[in-house]
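The lines below spell out each chain.
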Amino acid sequence: MSEEKKDHKKEDFEPRIVGFLCNWCSYAGADLAGTSRIQYPPNVRIIRVMCSGSVDSMYILRALLEGADGVFVGGCHPGDCHYIDGNYKARRRMVLLENILGTLGLEKERVWLRWISASEGQKFADTMKEMTESIRKLGPSPIAKHWNL
Amino acid sequence: MTQKVIKVKDNDVIGSTNEFFRQLLSSGKIQALLVPQNTPSKKVAFPVLISDPKKLHADIIAPILPASTAAMVSKMTKVQPPAKPIGVVMRSCQIRALIELVKLNQANLINIVIIGVDCPGTFPLNTYAEFPEKKTPTHFLLEAWVKKSDDAEKYFRSVCRMCKDPIPTNADIILGFYGTDFEKEIIVEAHSDVGKEILKDLPLEDEKEGKSREKAVKEIRDEKTKKRALFLKEKEGIKGIDKVAEFFDKCVNCHNCRQACPICYCKECLFDSSVFDAEAYKFLRRAEVKGLFKMPNDALLFQLGRMNHMILSCVECGLCEQACPNNIPLMEVFIPAAENAQKEFDYHPGKDRTEKVPMIVYREDEFLEVGEK
Ligand code: SF4
Ligand code: SF4
Ligand code: SF4
Ligand code: FES
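The sections below set out a description of the structure shown in this document. (Residues numbered from 1 in each chain as written. Chains lettered and ligands numbered in written order. Predicted model: local features only at pLDDT ≥ 70, side-chain atom pairs only at ≥ 80, totals over all residues. Heavy atoms only, no water.)

**Observations regarding the site of ligand 3**
Residues and elements named next belong to chain B.
Consideration 1: Lining the immediate environment of ligand 3, one finds 14 residues, of which Cys251, Cys254, Cys257, Gln303 and Cys324 sit closest.
Consideration 2: If you list the elements that add at least two residues to the shell around ligand 3, you get α10 (256-260) and α12 (299-310).
Consideration 3: Residue composition of the shell around ligand 3, grouped by class: 9 nonpolar, 5 polar and no charged. (Near = heavy atom within 4 Å. Helix = DSSP H or I, 4+ residues; strand = E, 2+ residues; numbered from the N terminus. Nonpolar A, V, L, I, M, F, W, Y, C, P; charged D, E, K, R; others polar.)

Following this line, the structure appears as structure tokens:
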């Protein structure tokens, strides 16, 4: 127990966040943040996807069950999806996922969906700061210490 | 709606329904029936597709649902629907599942005449096969039903005790047992033009007391709804990863539940795909994350992923639970999850063929708080 406590102390805890970013917007936004040298926390591990609509809930769940403290999905603003309506469908899927996580008491606050365009480097950096701090407050994911899933 | 009755001879309920089915087949209006019939061992009753009235010894009361009837209709109609009408005898949960499959383009109702039967409930397959009472499951159930006793209650599958709706909807014809002394008269209702046309020339008598059926239907619906609400309240308990992990502890990731589920129709399920095969070093890497790695792997991922794929269309038939070799009471999480998710999208699986499955449609001006903030 004491060892667990040590592992999970909040103050020196660095959240591990998995970010699924749409190639056409949020990924480019992250890129812009980088090239513009805007500082943001290094806690997010970025996975590029072709559209927020291509992120099956399974991938978000897998990140959570493997112990990620948070999962971020970034898509184009409503109306701007390269594939017309991928982000609207991603939004419905997110509502469903949050609903199911809610039913099972699995901290839906750890899953974020945000619209960030290719030109919003600053917004990307701000969002990452906001999410990292919010997850830090939540503490380490209790799923992380379960190996029997 | 047209209401008629089958006159039951000598209290022989099953025999009289079979007489009705034989007349139906002989009328030439349907070329075949899919109807439950006991196997020679009498340990199971499976739907059989039957066109010869002489071979028909059906048992539509047999309290058993060995597999999804909706999936059978899907198999039979998806490639090409029949050229002439086939009657399919189904319980309400399976009609609901069939309607979902139609919406998902996995079944076709052209020339399919749905004959719904009031369902008092079914026993687990093995209870039916090894029934401990002296009578057959069907006779035991009929007797309890007539007496309005709860003798059969202890044998029902738990999901049947709190059935979402034991009365068929979306059927062309309904065989009604609630609200009638069915040892004398079984109610036959036509709920569509097709149904009316089929019943027209059959030697049935007119029903006089429509009111008592209405009242009995309302009563049984209320009773089941109350039990379901109570169950939902009790099952609030499975919350948080500790409880969820414990709940699925016995899951061996065999996917039987998915195989039995009428809604999980995918030709290649994502969870059987090569996504889950990987080089040894990747397994090792995953082991390093938590220090150890349980195998067979990804059982909970399968459960939660499957739930995300199909819960909006879940019709609460409980076939997943019945299929689980390790007796995991799956409905304890699937009913609450279905209730909450379907409420969120104001979606009613199996109710209306024109209602679109939520995950294929959207509105621009909905859920605006999601993605913004
Ligand atoms: S999840 Fe279970 S209860 Fe729901 S439709 Fe599938 S088999 Fe039936
Ligand atoms: S779990 Fe998902 S992918 Fe697998 S059969 Fe069901 S709906 Fe299809
Ligand atoms: S049938 Fe039971 S053991 Fe098999 S995958 Fe489903 S829940 Fe797990
Ligand atoms: S292309 Fe960016 S969300 Fe669809």
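**Examining the side chain of threonine 69 of chain B**
All names here are of chain B.
Consideration 1: Tracing the backbone through its elements, the reader meets threonine 69 in helix α2 (residues 69-77).
Consideration 2: Take threonine 69: its relative accessible area is 6%, and that puts it in the buried class.
Consideration 3: Non-local contacts of threonine 69, meaning those with residues more than four positions away in its chain, are made with Leu34, Pro47, Val89, Met90 and Gln94. (Buried < 20%, exposed > 50% of the residue type's maximum accessible area, 1.4 Å probe, protein only. Contact = heavy atoms within 4.5 Å.)

**Structural notes on the packing of aromatic side chains**
Consideration 1: A complete count under the given rule lists 18 aromatic pairs over all chains for this structure.
Consideration 2: With 5.0 Å between their ring centres and 65° between their planes, phenylalanine 131 of chain B and tyrosine 155 of chain B make a pair best called edge-to-face. Of this pair, phenylalanine 131 of chain B sits in the loop between α4 (125-129) and α5 (137-147) while tyrosine 155 of chain B sits in the loop between α5 and α6 (158-161), placing them 24 residues apart in sequence.
Consideration 3: The interplanar angle of 85° and the centroid separation of 4.9 Å between the aromatic rings of phenylalanine 247 of chain B and phenylalanine 248 of chain B together place this pair among those described as edge-to-face.
Consideration 4: Among the aromatic side chains, those forming a connected cluster through ring pairs are Phe123, Phe131, Phe140, Tyr155 and Phe156 of chain B.
Consideration 5: A cation over an aromatic ring shows up here: arginine 48 of chain A above the ring of tyrosine 27 of chain A, its NZ or CZ 5.3 Å from the ring centre. (Phe/Tyr/Trp six-rings, centres within 6.5 Å; stacked < 30°, edge-to-face > 60°. Lys NZ or Arg CZ within 6 Å of the ring centre and 35° of its normal.)

**Some thoughts on α12 of chain B**
In an α-helix, one turn spans 3.6 residues; hence positions three or four apart end up facing the same way.
Consideration 1: In this model α12 of chain B runs 17 Å from its N-terminal to its C-terminal C-alpha over 12 residues, within 8% of the 16 Å that 1.5 Å per residue would give.
Consideration 2: Taken residue by residue, α12 of chain B has Ala299, Leu300, Leu301, Phe302, Gln303, Leu304, Gly305, Arg306, Met307, Asn308 and Met310 of chain B as its buried positions.
Consideration 3: Those residues of α12 of chain B that are buried are in contact with α3 (57-65) and α4 (86-103) of chain A together with α9 (241-247), α10, α13 (319-323) and α14 (331-344) of chain B. (Expected span 1.5 Å × (residues − 1).)

**Side note on the interface of chain A and chain B**
Consideration 1: Every contact between the two is made by 38 residues of chain A and, on the other side, 49 residues of chain B.
Consideration 2: Summed over both partners, the interface of chain A with chain B buries about 4,300 Å², with 62% contributed by carbon and sulfur atoms.
Consideration 3: Counting every contact that joins chain A to chain B gives 2 salt bridges.
Consideration 4: Of the charged contacts, one joins arginine 286 of chain B and glutamate 66 of chain A as a salt bridge, the two residues approaching to 2.7 Å between their closest N and O atoms.
Consideration 5: On the surface where chain A and chain B come into contact, there are 24 residue pairs in polar contact (both at pLDDT 80 or more).
Consideration 6: Looking at the side of chain A that touches chain B, the element that brings in the most residues is α4 of chain A, giving 13 residues. (Buried area = accessible area lost by both parts, 1.4 Å probe. Salt bridge = Lys/Arg side-chain N within 4 Å of Asp/Glu carboxyl O. Polar contact = N/O pair within 3.5 Å; in protein donor to acceptor, adjacent residues only side chain to side chain.)

**Let's talk about the nonpolar core**
Consideration 1: Phe20, Phe21, Leu33, Leu175, Phe177 and Ile311 of chain B are the most contacted members of the largest nonpolar core, which totals 141 residues.
Consideration 2: Two domains each put at least three residues into this core: domain 1 (2-232) and domain 2 (238-370) of chain B.
Consideration 3: Not counting the four nearest positions on each side in its chain, leucine 33 of chain B is found in contact with Phe21, Leu24, Leu25, Val48, Leu49, Ile50, Leu56, Gly87, Val89 and Ile115 of chain B.
Consideration 4: Core analysis: the next-biggest nonpolar cluster, separate from the first, contains 12 residues, Ile17, Val44, Met128 and Met131 of chain A among them. (Core = buried A, V, L, I, M, F, W, Y, C linked by side-chain atoms within 4.5 Å. Domains from an automatic or database assignment.)

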